[in-house]
Amino acid sequence: MSKILIVEDEPDMVLGLKDNFEFEGYEVVTATDGETGLERARSIKPDLIVLDVMLPKMSGLEVCKSLRGEGWEGPILMLTARGQEIDKVVGLELGADDYVTKPFSIRELLARVRAVLRRTEGGRKRLSRYSFADVDLDFEAYKATKGGEALELSPREFELLRYLIERKGETVTRDQLLEDVWGYDSYPSTRTVDTHVAKLRAKIGDSGSEPRWILTIHGMGYKFIDPS
Ligand code: CA
């Protein structure tokens, strides 16, 4: 689950954003002035910061500059006011990854947040090999063995397994899997995810009723665990 820090001083806006982001499955921490925002960013290490430019105590631009100066590399999405074109330019120069101009629709902001997170995750080194129990996986060569015997997995099954293993111990929602493993283009139903997980479990020797590796998190999605 991605952790988002929202730094914004308008109470209604904070509430609205918090509700919507939580509804989308993000963990949300908020701050209502620049100084507090900077402290929270240092202490909670969010996956992304939504940062308003006009803030009490310390502006969003200063917060951005300080964080980049400290070597913080996480994504920052700026909220700029209409007519403040200069903020966008300065913000991007100071290291913001993207900006959204107020007033914006929450759908637009969420789409931008997802895009920024995907972009920055793409830069993260992907898992190339993994072994658990008697299963050996080579994600680069798309080769797998179980007990030394070749294990036939489709490219989608490889991606699904890699995605879950890269997030070992975290609950991954079906929507997240649809969006990141299947992609928007083919948008299938969440049933598709369940069907693939069932097949994958059968292939790796996991059980649907008492899974050991790919757990079903009721009402949420799936979680890969590796007790060894
Ligand atoms: Ca403001």
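Residues numbered from 1 in each chain as written. Predicted model: local features only at pLDDT ≥ 70, side-chain atom pairs only at ≥ 80, totals over all residues. Heavy atoms only, no water.

(A) Spotlight on the overall build of the chain. Within the chain, the regular secondary structure consists of eight helices and twelve strands. Viewed in the frame of its principal axes, the chain has a C-alpha envelope of about 60 × 30 × 30 Å. Residues classed as buried in the chain amount to 43% of the 228 residues present. A fraction of 53% describes how many contacts in the chain between residues 6 or more apart in sequence connect residues 24 or more apart. Approximately 11,900 Å² of the chain is accessible, and the part contributed by carbon and sulfur atoms is 51%. If you average the places of the 33 positive and of the 41 negative side-chain charges in the chain, the two averages end up 4 Å apart. (Helix = DSSP H or I, 4+ residues; strand = E, 2+ residues; numbered from the N terminus. Buried < 20%, exposed > 50% of the residue type's maximum accessible area, 1.4 Å probe, protein only. Contact = heavy atoms within 4.5 Å. Areas by Shrake-Rupley, 256 points an atom, 1.4 Å probe, with all protein chains shown as cover. Lys, Arg positive; Asp, Glu negative; His and termini not counted. Charge placed at Lys NZ, Arg CZ, Asp CG, Glu CD.)

(B) Highlighting the packing of aromatic side chains. A complete count under the given rule lists seven aromatic pairs for this structure. Here Phe21 and Tyr26 contribute two aromatic rings whose centre-to-centre distance is 5.7 Å and whose plane-to-plane angle is 55°, an arrangement assigned as tilted. Residue Tyr26 is classed as buried on the basis of its relative accessible area, which comes to 12%. A centroid spacing of 6.3 Å and a plane angle of 85° characterise the contact between Phe139 and Phe158, whose relative ring orientation is edge-to-face. (Phe/Tyr/Trp six-rings, centres within 6.5 Å; stacked < 30°, edge-to-face > 60°.)

(C) Broad picture of the coordination of the calcium ion. Bound to the calcium ion are the protein donor atoms Asp9 (OD), Asp52 (OD) and Met54 (O), situated 2.1 to 2.3 Å from the metal. Spacing between the donor residues of the calcium ion along the chain follows D-x42-D-x1-M. (Donors = N, O, S within 2.8 Å, 3.2 Å for Na, K, Ca; no water.)

(D) Examining the environment of Ala96 more closely. By the element assignment, Ala96 lies in the loop between helix 4 (85–93) and strand 5 (98–102). Counting along the chain gives 22 residues from Ala96 to Gly74, while the straight-line C-alpha distance between them is 9.5 Å. What Ala96 contacts, discounting residues up to four positions off in sequence, is Cys64, Ile76, Met78 and Gly91.

(E) Local environment of the pairing of strand 12 (residues 221–224). Judged from the two bridges that link them, strand 10 (residues 172–173) and strand 12 form a sheet pairing that is antiparallel. Residue pairing in the sheet places Val172 in a bridge with Tyr222 of strand 12. Relative to strand 12, strand 11 (residues 214–217) runs antiparallel, the two sharing four bridges. The residue bridging Leu215 from the neighbouring strand is Lys223, located in strand 12. (Pairing = 2+ DSSP bridges.)

(F) View of the environment of Asp97. Tracing the backbone shows Asp97 in the loop between helix 4 and strand 5. Exposure remark for Asp97: the relative accessible area of 30% places this residue in the partly exposed category. For Asp97 and Gly169, which are 72 residues apart along the polypeptide, the C-alpha to C-alpha distance reads 28 Å. For Asp97, the residues in contact, after removing those within four places along its chain, are Arg68, Gly74, Pro75, Ile76, Leu92, Val116 and Arg119. Here the side chain of Asp97 touches Arg68 through a polar contact of 3.0 Å, side chain to side chain. (Polar contact = N/O pair within 3.5 Å; in protein donor to acceptor, adjacent residues only side chain to side chain.)

(G) Region of the structure containing the side chain of Lys102. Looking at where Lys102 falls in the secondary structure, it is placed in strand 5. Overall, Lys102 belongs to the buried group, its relative accessible area being 12%. When residues no more than four places from it in sequence are discounted, the contact partners of Lys102 are Glu8, Glu10, Met13, Asp52, Leu79, Thr80, Ala81 and Arg82.

(H) View of the environment of Gly169. Checked against the element boundaries, Gly169 lands in the loop between helix 6 (155–166) and strand 10. For Gly169, a relative accessible area of 44% translates into the label partly exposed. Considering only alpha carbons, one finds Gly169 and Glu70, 99 residues apart in sequence, at a separation of 30 Å.

(I) Seen up close, the packing of helix 7 (residues 174–182) against helix 8 (residues 190–204). Packing of helix 7 against helix 8 brings their axes to within 9 Å, and their N-to-C directions diverge by 85°. Taken together, the axis directions place helix 7 and helix 8 in an arrangement best described as roughly perpendicular. Side by side, helix 7 and helix 8 meet where Arg174, Asp175, Leu177, Leu178 and Trp182 of the first sit next to Thr190, Thr192, Val193, Asp194 and His196 of the second. Split by residue class, the contact of helix 7 with helix 8 holds four nonpolar, three polar and three charged. (Axes fitted to C-alpha atoms, helices over the stretch in contact; angles between N-to-C directions. Parallel < 35°, antiparallel > 145°, perpendicular 65-115°, else oblique. Nonpolar A, V, L, I, M, F, W, Y, C, P; charged D, E, K, R; others polar.)

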